[in-house]
Amino acid sequence: MSRVQKHLRTTLLTGVFAVTPLAVTAFLIWYVESATRAPIRSLTGVNIPFLGVVLAVVLIYLLGLAVSSLVGKWVLTRVDALLLRVPVLKELYQAWKHVSVTPGGREGIFAKVVLVPV
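Being a predicted model, the structure only gives us computed values, none of them experimental. (Residues numbered from 1 in each chain as written. Predicted model: local features only at pLDDT ≥ 70, side-chain atom pairs only at ≥ 80, totals over all residues. Heavy atoms only, no water.)

Caption draft 1: Main features of the environment of Thr36. Examined against the element boundaries, Thr36 turns out to sit in helix 1 (residues 3-44). Sequence separation between Thr36 and Phe50 is 14 residues; the distance between their C-alpha atoms is 8.8 Å. (Helix = DSSP H or I, 4+ residues; strand = E, 2+ residues; numbered from the N terminus.)

The structure is reproduced here in structure tokens:
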């Protein structure tokens, strides 16, 4: 591969990796705004742009606050045990949990650093 091709490939991939989080964030904000504007307007009669996005952020914060409490941790433990008993969801839930949750100890996929040759 020539230097020009390598430069173009590297620069293009860098641009893709830079724009992907921005595009996903913009899409999520647009989706939440479009999904919440009409219901909020019909319930309250108020038509404020991005009120649904602010409401979603507040609800996510409150959910995080509830989950980090003792009662929330107990509920999460019970829901975790329940999901691990459902035959079809068990494998999907275990795979998602294995990938998304970074373990605190020496277990899981994030326990060791590896070097993968290209």
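Caption draft 2: Structural context of unusual backbone geometry. A positive phi angle is found at Phe50, which is not glycine, with a value near 65°. Positionally, Phe50 belongs in the loop between helix 1 and helix 2 (51-67).

Caption draft 3: Fine view of the pattern of salt bridges. In the structure shown here, the tally under the stated rule is 1 salt bridge. Residue Glu33 pairs with Arg37 through a salt bridge whose shortest N-O separation is 2.6 Å. Of the two residues, Glu33 and Arg37 both sit in helix 1, 4 residues apart, roughly one turn of that helix. The class for Arg37 is partly exposed, based on a relative accessible area of 28%. (Salt bridge = Lys/Arg side-chain N within 4 Å of Asp/Glu carboxyl O. Buried < 20%, exposed > 50% of the residue type's maximum accessible area, 1.4 Å probe, protein only.)

Caption draft 4: Representation of the environment of Trp96. Note on placement: Trp96 falls in helix 4 (residues 87-100). Classification of Trp96 by relative accessible area gives exposed; the value is 58%. Distance in space between the C-alpha atoms of Trp96 and Thr77 is 16 Å, their sequence separation being 19 residues.

Caption draft 5: Quick look at a nonpolar patch on the surface. A surface patch of nonpolar side chains, amounting to about 670 Å² of accessible area, comprises Val54, Leu55, Val58, Leu59, Tyr61, Leu62 and Leu65. Within the fold, Val58 resides in helix 2. The class of Val58 is partly exposed, set by a relative accessible area of 41%. (Patch = residues over 30% accessible without salt bridge, like charges linked within 9 Å, V, L, I, M, F, W, Y side chains within 5 Å. Areas by Shrake-Rupley, 256 points an atom, 1.4 Å probe, with all protein chains shown as cover.)

Caption draft 6: Representation of the packing of helix 1 against helix 2 within the structure. Where helix 1 contacts helix 2, the two axes come as close as 7 Å, and the packing angle between them is 105°. Judged by the angle between their axes, helix 1 and helix 2 are roughly perpendicular. Residues Ile29, Val32, Glu33, Thr36 and Ile40 of helix 1 form the contact with helix 2, whose participating residues are Leu51, Gly52, Val53, Leu55 and Ala56. Looking at the contact of helix 1 with helix 2 residue by residue, the class counts come to 7 nonpolar, 2 polar and 1 charged. (Axes fitted to C-alpha atoms, helices over the stretch in contact; angles between N-to-C directions. Parallel < 35°, antiparallel > 145°, perpendicular 65-115°, else oblique. Contact = heavy atoms within 4.5 Å. Nonpolar A, V, L, I, M, F, W, Y, C, P; charged D, E, K, R; others polar.)

Caption draft 7: The packing of aromatic side chains, seen in detail. The final tally for this structure, using the stated rule, is 2 aromatic pairs. Measuring from ring centre to ring centre gives 5.8 Å for Phe27 and Trp30, while their planes differ by 35°; the resulting arrangement is tilted. Here Phe27 and its partner Trp30 are both found in helix 1, 3 residues apart, which amounts to about one turn of the helix. Where Phe27 meets Tyr31, the ring centres are 6.2 Å apart and the plane angle is 25°; that geometry is what we call stacked. Of this pair, Phe27 and Tyr31 are both found in helix 1, 4 residues apart, which corresponds to roughly one turn of the helix. Among the residues examined, Tyr31 registers a relative accessible area of 48% and is labelled partly exposed. Every member of this aromatic cluster is reached through a ring pair, and the members are Phe27, Trp30 and Tyr31. (Phe/Tyr/Trp six-rings, centres within 6.5 Å; stacked < 30°, edge-to-face > 60°.)

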